[in-house]
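Observations on the model geometry
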Amino acid sequence: EGGRQASVRLGGRWGARGAWRVHALHQERDRTRLGDGTQRPDDNDLTQLGFRTDWAGTRDVLTLQGQAYHGGEPGRLNVAPLVRGVHLLGRWRRQNLDGTSWQLQAYLDQARRQELVLFDDRTRIADVEFNHVPLKNEHHTLMWGAGHRRASSETRPTAFARFDPPQRDLRWSSLFVQHEWSALPRLRLTGGLKLESNVYTGTEVLPSVRASFDLTPAHAVWGSWSRAVRAPARLDRDFFFPANPPFLIAGGPQFQSEVAKVVELGWRGQRDDWSGSLTAFHHDLDRLRAGRQAPTRIENLAWGRVWGVEGWSSVVLAPAWRLSAGFVELRKSLRKDPASPDSSLPNLGNDPKHQWMLRSSSTLGPGIEVDATLRHVSALPEPRVPGRTVADLRVGWSPVPGVEASVLVHNLGDHRGADYNPVESSTFGREVWLRLVWTPR
């Protein structure tokens, strides 16, 4: 396995207040291999072209940006499908002298994904959002906003699956309000409410509350509660497998939104040469995606809890040496309806219990940078994947201003193993990348 990548970016100013840049990228990836050495037909290429232009006035900032991309070839499998698309975004933001502001953003997107196995899809999206801060002072900040998105999704039958109906018009609308109140000199309270509607389940109510208290100027504790949902997508309601009857999966006409009630408690601290945070979380999950024994329909037949703690820290040990570390501890307790097969819970996610990372960034001499990273992921439960500890190394050298050469070695110890499924996923050994960057001055 291997690959090549080349990119270029040019930019400049127009007038006294404007700036522009254009960029292009071409990437080629060779075929990968399964654990038994079999090659996968996943070699592919990707080409991107894009631009961005900004104009900043006394109170207004205008942005226009866009990108087009193309990758893969028609008739490929799902590991290397044809993908192509184009999108355009425009944004207008006004900042007033009293701290109030508003922002209007519009977005257009057209995307195509074509493969032989599951998905032959063409989607067009139009989206508009408006945010307004009508009140901002020492004690109160009020924000509200609204948005609307329309999409036309057309999915043609493939050899193994179909969507019925093959074409569907989708709509999402949202309205939110949020108030932040400095109740005491060291206490901040934030409350918010969002109403979000979709064509499948109607209006969803999404409240949130948050409190933050400064223990000292350098340390703070905080807590939050929120309700979140994953609204149904076409894959939940309209998916049929195989493409022709008799179906093993016959859509999910009654599938409802998955619900998460989230509680978080945290601490953060910072001083001149050190910063860090620690967060504990608990998610109460309901109406998770699970079906019955085949033949089946997609339903909400699972529920449970997810909880854990995550933290990170960064410290400057010397003027030219910074050390960073982070970890995540995750636990799950999921249950299912007796009518649902045993595979339903593993289908919801194959997650490790432990993850940690240690990174060292240093400057060894004039123009020489060395970054070393050690990362660990514990074993995945089902399907079983052994844990792994991997080291990466980057050495960069800037001989003259505007020129940087670097060597990046992924998987320094050449650990070979699957990331998530030992039968279906590719294995990757040591990779060495050479990078040369020239910035004209």
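The structure displayed is predicted, hence computed values, not measured ones.

**Some points on the overall build of the chain**
A count of helical and extended segments in the chain gives one helix and 24 strands. On the principal axes, the C-alpha backbone points of the chain span a range of 65 × 55 × 45 Å. Buried positions account for 32% of the 441 residues belonging to the chain. Across the chain, every contact between residues at least 6 apart in sequence was considered, and the portion connecting residues at least 24 apart equals 51%. Counting every atom, the chain has about 25700 Å² of accessible surface; 58% of that belongs to carbon and sulfur. Of the charged side chains in the chain, 58 are positive and 48 negative; the average position of the first set lies 3 Å away from that of the second.

**Examining the confidence of the model for the chain**
Confidence in the prediction for the chain averages 93 pLDDT; 100% of positions are at 70 or higher. Considering each helix and strand of the chain separately, the mean pLDDT is smallest for strand β24 (residues 431-438), with a value of 87, and largest for strand β11 (residues 187-198), with 98.

**Description of the packing of aromatic side chains**
By the definition in use, this model includes seven aromatic pairs. Through pairs of rings, three or more aromatic residues link up here, namely W92, W102, F130 and W144. Across from the ring centre of W222, 4.4 Å away, lies the NZ or CZ of R210, which sits over that ring.

**Section: the sheet that holds strand β15 (residues 249-250)**
Read across the sheet, three strands follow the order β9-β14-β15 without closing on themselves; strand pairing throughout is antiparallel. Since the sheet does not close on itself, it has two edges, and those belong to β9 (162-163) and β15, each with one partner. Across two bridges, the pairing between β9 and strand β14 (residues 239-241) is antiparallel. Across the sheet, residue F163 finds its bridge partner in β14, namely F239.

**Overview of the nonpolar core**
The biggest cluster of nonpolar side chains holds eleven residues, and these are A260, V262, F281, L285, L288, A290, L301, A302, V306, L330 and L334. Elements that contribute at least two residues to this core include exactly β16 (258-271), β17 (274-291), β18 (298-318) and β19 (321-336). No other element matches β17, which puts four residues into this core. Excluding residues that lie within four positions of it along the chain, A302 makes contacts with D286, R287, L288, A290, R335, K336, L345 and L348. Core analysis: the next-biggest nonpolar cluster, separate from the first, contains five residues, A161, F163, F239 and F255 among them.

**So, the pairing of β18**
Examined bridge by bridge, β18 and β19 share 16 bridges and lie antiparallel to one another. Bridging from a neighbouring strand, V315 pairs with L323 of β19. Hairpin connection between β18 and β19: a loop of two residues separates the two successive antiparallel strands.

**Some details on the environment of A418**
Turning to its location among the elements, A418 is positioned in the loop between β23 (403-410) and β24. As a C-alpha pair, A418 and T216 span 202 residues in sequence and 46 Å in three-dimensional space. Not counting residues within four places of it along the chain, the set of residues in contact with A418 comprises V385, R388, S425, S426 and T427.

**Side note on the pattern of salt bridges**
One pass over the structure, following the stated rule, counts 26 salt bridges. Taking the shortest distance from any N to any O, the salt bridge between R52 and D54 comes out at 2.9 Å. In this structure, R94 engages D60 in a salt bridge whose closest nitrogen and oxygen atoms are separated by 2.7 Å. On the criterion of sequence distance, the pair formed by R94 in strand β5 (residues 82-95) and D60 in strand β4 (residues 60-71) is long-range, its members being 34 residues apart.

**What to know about the environment of N198**
Examined against the element boundaries, N198 turns out to sit in strand β11. The spacing of N198 and A233 is 35 residues in sequence and 9.7 Å in space, taken between C-alpha atoms. Those residues in contact with N198 that sit more than four places away from it in its chain are R171, W172, E204, A231 and P232.

**Side note on the environment of Q167**
Note that Q167 resides in strand β10 (residues 167-184). For Q167, a relative accessible area of 36% translates into the label partly exposed. Apart from the residues within four sequence positions on either side, Q167 is in contact with S152, S153, E154 and R234. Only 3.0 Å separates the side chain of Q167 from the side chain of S152, close enough to count as a polar contact. In terms of polar contacts, Q167 uses its side chain to reach the side chain of D169, at 3.0 Å.

**Side note on the side chain of S224**
Turning to its location among the elements, S224 is positioned in strand β13 (residues 219-230). Excluding residues within four positions of it along the chain, S224 makes contact with V209, R210, V262, V263 and E264.

Reading the values: rules and limits
Residues numbered from 1 in each chain as written. Predicted model: local features only at pLDDT ≥ 70, side-chain atom pairs only at ≥ 80, totals over all residues. Heavy atoms only, no water. Helix = DSSP H or I, 4+ residues; strand = E, 2+ residues; numbered from the N terminus. Buried < 20%, exposed > 50% of the residue type's maximum accessible area, 1.4 Å probe, protein only. Contact = heavy atoms within 4.5 Å. Areas by Shrake-Rupley, 256 points an atom, 1.4 Å probe, with all protein chains shown as cover. Lys, Arg positive; Asp, Glu negative; His and termini not counted. Charge placed at Lys NZ, Arg CZ, Asp CG, Glu CD. pLDDT = per-residue confidence, 0-100. Phe/Tyr/Trp six-rings, centres within 6.5 Å; stacked < 30°, edge-to-face > 60°. Lys NZ or Arg CZ within 6 Å of the ring centre and 35° of its normal. Pairing = 2+ DSSP bridges. Core = buried A, V, L, I, M, F, W, Y, C linked by side-chain atoms within 4.5 Å. Salt bridge = Lys/Arg side-chain N within 4 Å of Asp/Glu carboxyl O. Polar contact = N/O pair within 3.5 Å; in protein donor to acceptor, adjacent residues only side chain to side chain.

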